[in-house]
Amino acid sequence: MAGVVEKARRFWHAGDGFRERFGLVAGTRLSWQYANAKYRGVPGTLVRVGLPESGRTVELRAGSSDAEVYQQLVLNRELDVDLSPPPARIIDGGANFGLASLLMAAHWPEARIVSVELERGNFELAQRNCAGVSAIDVRHAALWGSSGRVAIANPAADAHSFRAESGTGATSVRAYRVGELLDELGWDTVDLVKLDIEGAERQVLGDGAAWLPRVRHLLVELHDRFEPGCSEALTAALAGGDWDVRQQGEYQLASRRNG
């Protein structure tokens, strides 16, 4: 009996952040759903968790990194940035299972979002999670520093850690330069480019001179631990430009001073 009580106590305290953020009833419900996805579900099964900002639910894969991403973006609010004017065009590079795109669509309901995801399982779940949201276009592709094809360098990795490398093969997808994607979309400019691409930002930012002049805000999670030189690539890409840069959770947010 004492063991059951202790487990209940730990579970209750683990939900403190959810209750503080969303209130007693909604927070307790969300913490239970989150715990099912992170600890209790059969690995790989889909667990529905609420998205209070949008009134929707999102499916997470039990026993995967999806719960960690949910905590990062929903509980810790790492994408809660106030951009003025609100962005109308967004590229979500490294869409994973679609959560970031859904949150941005809820926060900026007038925006059109193009979500780019390298790995097929993530892409298919992102399609499923974003179904019915007409503002989101999910693409099975990758952002890279050159046109061509890239493959997954670490296919045994967890869902949020897949890295790209140049090449073809069973896991390969089309690789877009950012400017090439903008041209295909017919966008002369883009309001927000988010890059959470597990080290490929070094390649993408290395091509920054070709596309950064068309960007108003850049949101980048740096992965020097996977690909040394990512931070230097961001510094070099922004050098000489009129940018304000600040930390936003695990991201770097660069915004043009002239709007």
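Residues numbered from 1 in each chain as written. Predicted model: local features only at pLDDT ≥ 70, side-chain atom pairs only at ≥ 80, totals over all residues. Heavy atoms only, no water.

### Examining the packing of helix α4 (residues 66-75) against helix α5 (residues 99-107)
- Running from N to C, α4 and α5 cross one another at 15°; their axes reach a closest spacing of 10 Å. With respect to α5, the axis of α4 lies roughly parallel. Note on packing geometry: the crossing formed by α4 with α5 is right-handed. Contacts from Val-69, Tyr-70, Leu-73 and Val-74 in α4 reach Leu-99, Ala-100 and Leu-103 in α5.
- A per-class count over the contact of α4 with α5 returns seven nonpolar, no polar and no charged. (Axes fitted to C-alpha atoms, helices over the stretch in contact; angles between N-to-C directions. Helix = DSSP H or I, 4+ residues; strand = E, 2+ residues; numbered from the N terminus. Parallel < 35°, antiparallel > 145°, perpendicular 65-115°, else oblique. Left-handed = near helix turned anticlockwise from the far one by under 90°. Contact = heavy atoms within 4.5 Å. Nonpolar A, V, L, I, M, F, W, Y, C, P; charged D, E, K, R; others polar.)

### A word on the sheet that holds strand β6 (residues 142-143)
- Spatially, four strands are ordered β6-β9-β7-β8 in an open sheet, and the strand pairing comes out mixed. Only two strands of the sheet have a single partner each, and these edge strands are β6 and β8 (164-166).
- Strand direction decides the pairing type here: strand β7 (residues 148-152) and strand β9 (residues 173-176), joined by three bridges, are antiparallel. The residue of β9 that forms the bridge with Arg-149 is Arg-174.
- Against the sheet, helix α7 (residues 178-185) contacts β6 and β9, and its axis sits at roughly 95° relative to β9. (Pairing = 2+ DSSP bridges.)

### Re the pairing of strand β5 (residues 136-140)
- Relative to β5, strand β4 (residues 112-117) runs parallel, the two sharing five bridges. Within β5, the residue paired with Val-114 across the bridge is Asp-137.
- In terms of handedness, the path from β4 via helix α6 (residues 120-130) over to β5 forms a crossover that is right-handed. (Right-handed = clockwise from strand over helix to strand, strands pointing away.)

### Let's talk about the sheet that holds strand β12 (residues 243-248)
- Spatially, β5-β4-β3-β10-β11-β13-β12 is the arrangement adopted by the seven strands of the open sheet, whose pairing is mixed. A strand with exactly one partner marks an edge of an open sheet, and here the two such strands are β5 and β12. With strand direction ignored, the average angle separating the axes of adjacent strands in the sheet is 15°.

### With respect to the pattern of salt bridges
- Considering all chains together, one arrives at 20 salt bridges under this definition.
- Arg-139 serves as the salt-bridge partner of Glu-184, at 2.7 Å between the closest nitrogen and oxygen. With Glu-184 in helix α7 and Arg-139 in strand β5, the pair connects residues that are 45 residues apart, well separated along the chain.
- Arg-177 is paired through a salt bridge with Asp-207; the nearest N and O atoms lie 2.8 Å apart. (Salt bridge = Lys/Arg side-chain N within 4 Å of Asp/Glu carboxyl O.)

### Re the packing of aromatic side chains
- According to the stated counting rule, one finds three aromatic pairs in the structure shown.
- Geometrically, the ring pair formed by Phe-18 and Tyr-70 is stacked, given 6.5 Å between the ring centres and 20° between the ring planes. Taken together, the residues span a long stretch of sequence, with Phe-18 in helix α2 (residues 16-22) and Tyr-70 in helix α4 at a distance of 52 residues. You'll find Phe-18 and Tyr-70 in the same group, each marked buried.
- Sitting over the face of the ring of Phe-226, Arg-163 holds its NZ or CZ atom 5.2 Å from the ring centroid.
- Sitting over the face of the ring of Phe-226, Arg-225 holds its NZ or CZ atom 4.6 Å from the ring centroid. (Phe/Tyr/Trp six-rings, centres within 6.5 Å; stacked < 30°, edge-to-face > 60°. Buried < 20%, exposed > 50% of the residue type's maximum accessible area, 1.4 Å probe, protein only. Lys NZ or Arg CZ within 6 Å of the ring centre and 35° of its normal.)

### Digging into the side chain of Ser-64
- On the secondary structure map, Ser-64 appears in the loop between β2 (56-61) and α4.
- Note on Ser-64: relative accessible area 16%, which makes it buried.
- A polar contact is formed between the side chain of Ser-64 and the backbone oxygen of Arg-61, at a distance of 2.7 Å. (Polar contact = N/O pair within 3.5 Å; in protein donor to acceptor, adjacent residues only side chain to side chain.)

### Observations regarding α4
- A large share of α4 lies buried, amounting to eight of its ten residues.
- Where α4 terminates, the next one or two residues include Arg-77, which has phi positive at roughly 60°.

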